[in-house]
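Observations on the model geometry
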Amino acid sequence: MKITTKADVWKAAIAMTVIAYSIVSIAILKLYPREEWLWELSVSGMLTISICMVATYNFGLKVLENHQLSLELQRLVSRDRLTDAATRDFFYERMQRDPDAYGVSLMVDIDHFKSINDTYGHLVGDDVIRHVSSILRSECRAQDIVCRFGGEEFVVFLHEADGDKGLLVAERMRMKVEAAPALSNEQKVSVTVSIGGSLKERMEDINVSIKQADEALYRAKNLGRNRTIVNWLPTPFEDTTRRAS
């Protein structure tokens with residue numbers, strides 16, 4: 001039985017106690033004369049239940065504690081400590097486990113982040129990064145990945161999304177960041193993001209898609225920031241850029 005909750009500890013303790021009591025009862029019925037059964041069953045049964053329940057319950061608690069420690073260790077390895085987004089290593093590990101995955105890769109960069117650090121300080125900058133990460137994750141599904149790729153830059157992979165869906169999600173993210181200032185020590189800090197997008201095909205190296213998304217992000221920043229550029233839409237400029245009115 002896999003022990004992952006306190007309820008599982010009780011279930012395991014009860015199950016092991018029932019098994020132990022059954023074994024003791026069978027042994028008494030085989031080894032003792034009939035006239036001693038009632039006494040032996042009651043005394044031995046109480047001892048068996050008391051000892052086995054306490055022992056298995058405490059053992060179950062240790063197993064549960066080890067399970068929780070394992071989960072915490074896994075979380076520390078796979079989640080970025082500041083933002084709770086996936087780490088870069090976890091992102092690549094997950095994508096390598098599923099080379100057949102296809103969808104949309106988004107490269108998201110916080111605009112003028114150095115100016116935020118210079119103006120408000122690095123602690124406020126951390127709050128801004130954490131705020132943007134929270135918005136990105138809120139717009140994604142369980143099967144998608146939001147990864148802190150480095151500094152103020154994120155990679156988002158939208159699993160099995162097509163171009164229309166990818167652009168819609170990217171614009172939702174961008175506009176939500178623009179509309180909701182980060183809050184740091186009761187101070188509101190307005191921030192925007194630029195986003196570049198590309199399509200990842202089945203069996204394609206994720207680095208190909210990330211490179212294309214990064215190139216689209218570079219164009220978005222050169223065109224004035226706070227916009228989404230995707231590489232699957234043709235030029236002209238009006239067709240590849242979406243701006244909030």
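All of these numbers come straight from a predicted model, not from anything done at the bench.

**Side note on the overall build of the chain**
Secondary structure summary: the chain contains eight helices and eight strands in total. Among the 245 residues that make up the chain, the fraction classed as buried is 42%. A sequence separation of at least 24 residues applies to 67% of the contacts in the chain between residues at least 6 apart. Carbon together with sulfur atoms contributes 57% to the accessible area of the chain, which is approximately 14100 Å² in total.

**Looking at the nonpolar core**
The biggest cluster of nonpolar side chains holds 28 residues, and the ones touching the most others in it are Leu106, Ile110, Val128, Val132 and Val156. Elements with a minimum of two residues in this core: strand E1 (103–110), helix H4 (113–120), helix H5 (122–138), strand E3 (153–159), helix H6 (163–179) and strand E6 (193–200). The biggest single contributor to this core is H5, with six residues. Once residues within four sequence positions are removed from consideration, Val156 is found in contact with Val104, Ser105, Leu106, Val108, Leu136, Cys140, Ile145, Val146 and Met173. Core analysis: the second largest hydrophobic core is formed by 16 residues, Phe90, Met107, Val155 and Ile210 among them.

**Some details on the packing of H4 against H5**
Contact pair H4 / H5: the axes reach a minimum separation of 7 Å and the direction vectors enclose 140°. Here H4 is positioned oblique relative to H5, judged by the angle of their axes. On H5, the residues touching Phe113, Ile116, Asn117 and Tyr120 of H4 are His122, Val124, Gly125, Val128 and Ile129. Of the residues that constitute the contact of H4 with H5, the class distribution is six nonpolar, three polar and no charged.

**Side note on helix H7 (residues 206–222)**
An α-helical segment advances 3.6 residues per turn. Residues three or four places apart therefore align on the same side. Helix length check: H7 (17 residues) gives 24 Å between terminal C-alpha atoms against 24 Å at 1.5 Å per residue, within 8%. Along H7, the residues classified as buried are Ile206, Ser209, Ile210, Ala213, Ala216, Leu217, Ala220 and Lys221. Looking straight down H7, one finds that the buried residues subtend no more than 140° of arc, so they occupy a single side. Exposed residues on H7 whose side chains face more than 90 degrees from its buried face are Lys211, Tyr218 and Asn222. The N-terminus of H7 is capped by Asp205, whose side-chain oxygen sits 2.9 Å from the backbone nitrogen of Asn207.

**So, the environment of Asp80**
By the element assignment, Asp80 lies in the loop between helix H2 (37–78) and helix H3 (88–97). When neighbours within four sequence positions are excluded, Asp80 is seen to be in contact with Ala85, Ala86, Thr87 and Arg148.

**A look at a nonpolar patch on the surface**
A cluster of nonpolar side chains, Trp10, Ile14 and Val18, forms an exposed patch at the surface whose accessible area comes to about 290 Å². Within the secondary structure layout, Val18 lies in helix H1 (residues 6–31). Exposure remark for Val18: the relative accessible area of 49% places this residue in the partly exposed category.

So, how was this worked out
- Residues numbered from 1 in each chain as written.
- Predicted model: local features only at pLDDT ≥ 70, side-chain atom pairs only at ≥ 80, totals over all residues.
- Heavy atoms only, no water.
- Helix = DSSP H or I, 4+ residues; strand = E, 2+ residues; numbered from the N terminus.
- Buried < 20%, exposed > 50% of the residue type's maximum accessible area, 1.4 Å probe, protein only.
- Contact = heavy atoms within 4.5 Å.
- Areas by Shrake-Rupley, 256 points an atom, 1.4 Å probe, with all protein chains shown as cover.
- Core = buried A, V, L, I, M, F, W, Y, C linked by side-chain atoms within 4.5 Å.
- Axes fitted to C-alpha atoms, helices over the stretch in contact; angles between N-to-C directions.
- Parallel < 35°, antiparallel > 145°, perpendicular 65-115°, else oblique.
- Nonpolar A, V, L, I, M, F, W, Y, C, P; charged D, E, K, R; others polar.
- Expected span 1.5 Å × (residues − 1).
- Arc of directions from axis to C-beta.
- Polar contact = N/O pair within 3.5 Å; in protein donor to acceptor, adjacent residues only side chain to side chain.
- Patch = residues over 30% accessible without salt bridge, like charges linked within 9 Å, V, L, I, M, F, W, Y side chains within 5 Å.
- Salt bridge = Lys/Arg side-chain N within 4 Å of Asp/Glu carboxyl O.

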